[in-house]
Amino acid sequence: SELAGWVAGAGLMFAGGAALMRGALGIAAGSGVPARIAAATIVAFGASAPEMAAAVGLVREGLAADVPAMIASANLANIALALGLAALLAPVPTTGAGVRRGAVSAVLSVVLIGVWALSGVTLGLVAGLVMIAACAVHAWRLERAAAAGDPDPEADGHEDIYALERAPRSLPLAAGLLVVGLLLLIAGAWLGVPAAAGLGGPDPGGAGPWLGVAAVAPELGATLAAALTGRLAMAVPAAFSGVIFNALAVTGLALAMAPQAVAPGRVEALVLAAAGVVLAFAARTLLKAAVGRIEGAAYLAAFVAILILSG
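Draft legend 1. Main features of unusual backbone geometry. The backbone of K288 shows a phi angle near 60°, a positive value even though the residue is not glycine. In this structure, K288 sits in the loop between α10 (266-284) and α11 (293-310). Given the relative accessible area of 55%, K288 is considered exposed.

Quick look at the structure:
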């Protein structure tokens, strides 16, 4: 059935992202790449790998119009679902190094996507390359901050959540994991995209929410791991990083493959609603108070309501 295909595809994309990330981290460690650089780039890339696979799958299936909805759903899940669930387990701190930086960058990213949604303009290769370059600059800034001694949880120590210390030190094994990860991502997209399209129906953007929620599993797992191991200081900047990589790198890749515009109606509404949630949480960081259970439940309710209303 389509639901079974979606579940199988989501599982394969999650496993593929994890294998890809561990393989890449193993190669980085075996090559002498500093952990802070690996954490600022490879970890964030690996966490967004399922979204990238989903975006490529959508474009190849002729469903490029569903990409903005997929990105919006993933960003919504990064903030409202992941942090909302974490807040039910323990108060989520909104202070600390990297939080403000991540909040500002995430806001700029979603505002950019929101302006695109409202404009109705079709973007293509040039815009895609600019977005990818902007994401590369973001990763470079993280690495520079860590190198300068700024203890940013997003760039220094974030690898603990992903068990960087357990990344394979054997280069052949790491390369094998990298290849396996790519194959699993391709297989997951091959199964998941048609299933999500069937579940989403014929309307523009229908497959997007299904794929966006499925692809955010690595970020959700990392946030819950942070909550369970007392590392929630890393959770907020990590969530913002997921938003940034999705909005810039994944969207940029999709635009580089096929020109697209944000479809009016429910896709546009979903993009703007997801941006609103990111803006709300970014504003929440200005209060410098932890997010507790009541607010976490409110974010979860908003997540469910937005997906239902947009569907």
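More follows now that the structure is in view.
Draft legend 2. A look at the packing of helix α4 (residues 99-119) against helix α9 (residues 235-257). Axis separation between α4 and α9 bottoms out at 8 Å; the angle between their running directions is 35°. Where α4 crosses over α9, the two elements pack in a sense that is left-handed. In contact with V99, G102, A103, S105, A106, S109, V110, L112, I113 and W116 of α4, α9 contributes V236, P237, F240, V243, I244, A247, L248, T251 and L255. In the contact of α4 with α9, the residues fall into 15 nonpolar, four polar and no charged.

Draft legend 3. Broad picture of a nonpolar patch on the surface. The grouping of V111, V115 and L279 at the surface amounts to a nonpolar patch, some 230 Å² of accessible area in total. A relative accessible area of 52% places V115 in the exposed class.

Draft legend 4. Up close: the confidence of the model for the protein chain. Counting all residues, the mean pLDDT for the protein chain is 83, and 87% of those residues have values of 70 or more. When the elements of the protein chain are averaged for pLDDT, helix α8 (residues 217-228) gives the smallest value, 75, and α10 the largest, 92. This model gives residues 153-163 a pLDDT under 50, and the stretch forms 39 contacts once residues within four places in sequence are excluded.

Draft legend 5. Representation of the environment of A196 in the model. Counting through the fold element by element, A196 comes out in helix α6 (residues 171-200). A relative accessible area of 0% places A196 in the buried class. Spatially, the C-alpha atom of A196 lies 9.8 Å from that of L58, the residues being 138 residues apart in sequence. Contact partners of A196, with chain neighbours within four places excluded, come to W6, G206, A207, W210 and L211.

Draft legend 6. A look at α6. In this model α6 runs 41 Å from its N-terminal to its C-terminal C-alpha over 30 residues, within 8% of the 44 Å that 1.5 Å per residue would give. Buried within α6 we find A174, G181, L185, G188, A189, G192, V193, A195, A196 and G200. Two residues or fewer after α6 comes G201, characterised by a positive phi angle close to 85°.

Draft legend 7. Representation of helix α7 (residues 207-215) within the structure. The element α7 is extensively covered by neighbouring structure, given that seven of its nine residues are classed as buried. Residues A207, G208, P209, L211, G212, A214 and A215 constitute the buried set of α7.

Draft legend 8. Here's a closer look at the packing of aromatic side chains. Overall, the coordinates contain three aromatic pairs when judged by the stated rule. Where W6 meets W210, the ring centres are 5.2 Å apart and the plane angle is 85°; that geometry is what we call edge-to-face. Here W210 lies in helix α7 and W6 lies in helix α1 (residues 2-30), a separation of 204 residues in the sequence. With a relative accessible area of 18%, W6 lands in the buried category. Judged by its relative accessible area of 30%, W210 is partly exposed. An aromatic cluster is present here, built from F240, F281 and Y299 joined pairwise through their rings.

Draft legend 9. Summary view of the side chain of S109. Checked against the element boundaries, S109 lands in helix α4. With sequence-adjacent residues up to four places away left out, S109 is seen in contact with I244, A247 and L248.

Draft legend 10. A look at the packing of helix α3 (residues 67-89) against α11. Running from N to C, α3 and α11 point in directions that differ by 150°, and their axes come no closer than 7 Å. The angle between α3 and α11 falls in the class roughly antiparallel. Between α3 and α11 lies a crossing of left-handed hand. Residue-level contacts link S73, L76, A77, A80, L81, G84, L85, A87, L88 and L89 of α3 to R293, G296, A297, Y299, L300, F303, I306 and L307 of α11. Within the contact of α3 with α11, the residues separate by chemical class into 14 nonpolar, three polar and one charged.

Draft legend 11. Broad picture of the side chain of R284. Structurally, R284 can be placed in helix α10. Sequence-distant contacts of R284, defined by excluding residues within four places in its chain, comprise T94, A289, A290, V291, E295 and Y299.

Draft legend 12. Examining the pattern of salt bridges more closely. Considering all chains together, one arrives at one salt bridge under this definition. The shortest N-O distance in the salt bridge between E295 and R284 comes to 2.5 Å. A residue pair is termed long-range when its members are at least 10 positions apart, and E295 in helix α11 and R284 in helix α10 qualify at 11 residues. Residue R284 is classed as buried on the basis of its relative accessible area of 12%.

Reading the values: rules and limits
Residues numbered from 1 in each chain as written. Predicted model: local features only at pLDDT ≥ 70, side-chain atom pairs only at ≥ 80, totals over all residues. Heavy atoms only, no water. Helix = DSSP H or I, 4+ residues; strand = E, 2+ residues; numbered from the N terminus. Buried < 20%, exposed > 50% of the residue type's maximum accessible area, 1.4 Å probe, protein only. Axes fitted to C-alpha atoms, helices over the stretch in contact; angles between N-to-C directions. Left-handed = near helix turned anticlockwise from the far one by under 90°. Contact = heavy atoms within 4.5 Å. Nonpolar A, V, L, I, M, F, W, Y, C, P; charged D, E, K, R; others polar. Patch = residues over 30% accessible without salt bridge, like charges linked within 9 Å, V, L, I, M, F, W, Y side chains within 5 Å. Areas by Shrake-Rupley, 256 points an atom, 1.4 Å probe, with all protein chains shown as cover. Salt bridge = Lys/Arg side-chain N within 4 Å of Asp/Glu carboxyl O. pLDDT = per-residue confidence, 0-100. Expected span 1.5 Å × (residues − 1). Phe/Tyr/Trp six-rings, centres within 6.5 Å; stacked < 30°, edge-to-face > 60°. Parallel < 35°, antiparallel > 145°, perpendicular 65-115°, else oblique.

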